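The chain contents come next:
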Amino acid sequence: MQNADEPAQSVPTLAPSRERKSAVTAALRVVLPAECILSLDEELRPYECDGLTAFRQLPMAVVLPHSEAQICEILAICRRLDVPVVARGSGTGLSGGAMPHAGGVILSLARLNRILELDPVARTARVQPGVRNLQVSEAAAPHGLYYAPDPSSQIACSIGGNVAENSGGVHCLKYGLTVHNVMRVRGYTIDGELLELGSGALDCPGLDLLALAIGSEGLLMVVTEITVKLIPRPQLAQLVMASFDDVAKAGEAVAAIIAAGIIPAGLEMMDRKATAAVEPFVKAGYDLNAQAILLAEADGTPDEVADQVVEIESVVRAAGATAITVSNSEAERLRFWSGRKNAFPAAGRVSPDYYCMDGTIPRKNLGRMLKAIEEMELTYALRCMNVFHAGDGNLHPLILFDANVPGEWERADRFGAQILELCVQLGGTITGEHGVGIEKINSMCVQFSPSERAAFFAVKKAFDPVGLLNPGKAIPTLARCAEYGKMHVRGGALPHPELPRF
Ligand SMILES: Cc1cc2nc3c(=O)[nH]c(=O)nc-3n(C[C@H](O)[C@H](O)[C@H](O)COP(=O)(O)OP(=O)(O)OC[C@H]3O[C@@H](n4cnc5c(N)ncnc54)[C@H](O)[C@@H]3O)c2cc1C
């Protein structure tokens, strides 16, 4: 079953023949120095997966260009020889977006890692895609500025990867996601067409292709330069940590904070399994008796912070908080955050493997979702720790499993898919910030109708008619959805009931 609107996606799953590999690497050697091309198995191994290690594939080759000109040469060769191209930043993605194709090239942007211009007056930075997220804030710090989107992986992840995934972080509730903090993007299509999207102003004429490019998961263009907004560091920030004896009450407290008209700089939640894993590792000072804790940050001038702390305290107390602590120094604030920011590594300490899910639901449903996840833990006989960007309704259930125990990965996979389906049923989405990649491609069949997916393919085709940029990711084909056995469900009713389900 192939939809006419779907681009002919060549997704090689078998290793290329020796002749094919030599032809491609020979062509690349003409335009790149030898040190920029990796093709031996042991050299390719570090690139076989991203942060989603359950899916692995060696690429045909990896190229590590130093310049935009070299990127153009690489794209021209891949286009001519019909070679799929997967752009890669730091490889911290959690949805398999940068996972290679067997017959494709990984285009690493790691060496394009310079901050080209930092303008403290315009409050912008123009950076290459391989610049690390935290590097931007470090460079802006002497000017009292910083780059607001702060994924927990910010020490390692690249701005190019952030753009491709429209990444979020703890402070995005108040300051916006990547899409709200990027002004301009420059890059190339597989046909070598230069695209300059956005402008130095708040808006620009024409269709908003900048917003389209942000979050497009490497399917439309290779991003080679990004202009980001910088904002002033708040004079003060203080964190309110509230304990709850029931996860549903903590969820309701989140909804109550927002309903009270408070927009904290960050509003995060961790359940008891998460705090229990984190505390011995980070010693953040969390209440281990609480079934859930909320972390709510107030920032601004000292007066604004003092007022907001009082407001938050009063709302969480009314919502049933059993204990409230307010950070009394910058060191303590950072210590409270460090536990949340290290939740994923902490999961890695208590379980051989973990599967990090990423879905979004309306905030009012947080409690309901948590109860449902508890039931799923029994169904699948697996533990699940929960951390949330609660203010955004963005869930990160961490399903703990051991890939060496037969059947555990399969159960974890089904557990994750059921969480995402529940997100859709509760009026949410199957991804909050980690992207679709290959991980959630089947769940796309649940979220979107065939005509919606056809529209996505039409956009893909407009930028990449031959389907060579990151093929097989993010948008499922009709055939794939049919195989998954699910079509779009709305109001509990399956459309096209006449179609066979597999
Ligand atoms: C411990 C941990 C914590 C995390 N916390 C968060 C979090 O709080 N919030 C969040 O949003 N994410 C989080 N992530 C996920 C991840 O860090 C982000 O998705 C990040 O933006 C990926 O950046 P990267 O440079 O590693 O990209 P990669 O993993 O290398 O690539 C990601 C995608 O971007 C594409 N891509 C990369 N560079 C380019 C380019 N120049 N042009 C076109 N396409 C490109 C790739 O093809 C791929 O599809 C976390 C990951 C880990 C491991």
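Before reading further, recall that the structure is shown in the block above.
These remarks concern the structure in this document. These numbers come from a predicted model, not from an experiment.

Focus on the site of the ligand
By nearness alone, 34 residues border the ligand, and Ala87, Thr92, Ser153, Ser158 and Ser167 come closest of all. A distance of 3.4 Å separates an oxygen atom of the ligand from a polar backbone atom of glycine 161. Between the ligand and glycine 168, the relevant distance is 2.9 Å, taken from a nitrogen atom to a main-chain nitrogen or oxygen of the residue. With the chains in place, 95% of the 970 Å² that the ligand exposes on its own is no longer accessible. Those elements that provide at least two residues to the shell around the ligand are strand 3 (85-88), helix 5 (159-165) and strand 10 (222-229). The element best represented in the shell around the ligand is helix 5, accounting for five residues.

Concerning the packing of aromatic side chains
Applying the stated criterion across every chain, the model contains six aromatic pairs. Ring geometry for phenylalanine 448 and phenylalanine 456: centres 5.0 Å apart, planes at 80°, overall edge-to-face. Owing to a relative accessible area of 21%, phenylalanine 448 belongs among the partly exposed residues under this scheme. Just above the ring of tyrosine 146 sits the side chain of arginine 233; from NZ or CZ to the centre is 4.5 Å.

A look at the pairing of strand 13 (residues 266-271)
Counted residue by residue, strand 13 has six buried out of six residues, so it is predominantly covered. In the sheet, strand 13 pairs with strand 14 (residues 292-300) via six bridges, with the strands oriented antiparallel. Note on strand 14: the bridge partner recorded for leucine 267 is alanine 296.

Description of the sheet that holds strand 5 (residues 115-119)
Spatially, 5-6-10-8-9 is the arrangement adopted by the five strands of the open sheet, whose pairing is antiparallel. Since the sheet does not close on itself, it has two edges, and those belong to strand 5 and strand 9 (194-198), each with one partner. Going across the sheet, the axis of each strand differs from the next one's by a mean of 10°, ignoring polarity. The sheet contact formed by strand 8 (residues 182-188) and strand 10 spans six bridges and is antiparallel. When the sheet's bridge partners are listed, valine 185 is paired in strand 10 with isoleucine 226.

Details of the sheet that holds strand 4 (residues 105-108)
Think of a sheet as strands paired side by side through backbone hydrogen bonds, with each pair either parallel or antiparallel. Pairing is mixed across the open sheet formed by four strands, whose spatial order is 1-2-4-3. The open sheet has two free edges, formed respectively by strand 1 (37-38) and strand 3, since each of these has just one partner strand. Sheet topology places strand 3 next to strand 4; four bridges connect them, and they run parallel. Within strand 4, the position partnered with arginine 88 by the bridge is serine 108.

Definitions and cut-offs
- Residues numbered from 1 in each chain as written.
- Predicted model: local features only at pLDDT ≥ 70, side-chain atom pairs only at ≥ 80, totals over all residues.
- Heavy atoms only, no water.
- Near = heavy atom within 4 Å.
- Polar contact = N/O pair within 3.5 Å; in protein donor to acceptor, adjacent residues only side chain to side chain.
- Areas by Shrake-Rupley, 256 points an atom, 1.4 Å probe, with all protein chains shown as cover.
- Helix = DSSP H or I, 4+ residues; strand = E, 2+ residues; numbered from the N terminus.
- Phe/Tyr/Trp six-rings, centres within 6.5 Å; stacked < 30°, edge-to-face > 60°.
- Buried < 20%, exposed > 50% of the residue type's maximum accessible area, 1.4 Å probe, protein only.
- Lys NZ or Arg CZ within 6 Å of the ring centre and 35° of its normal.
- Pairing = 2+ DSSP bridges.
- Axes fitted to C-alpha atoms, helices over the stretch in contact; angles between N-to-C directions.

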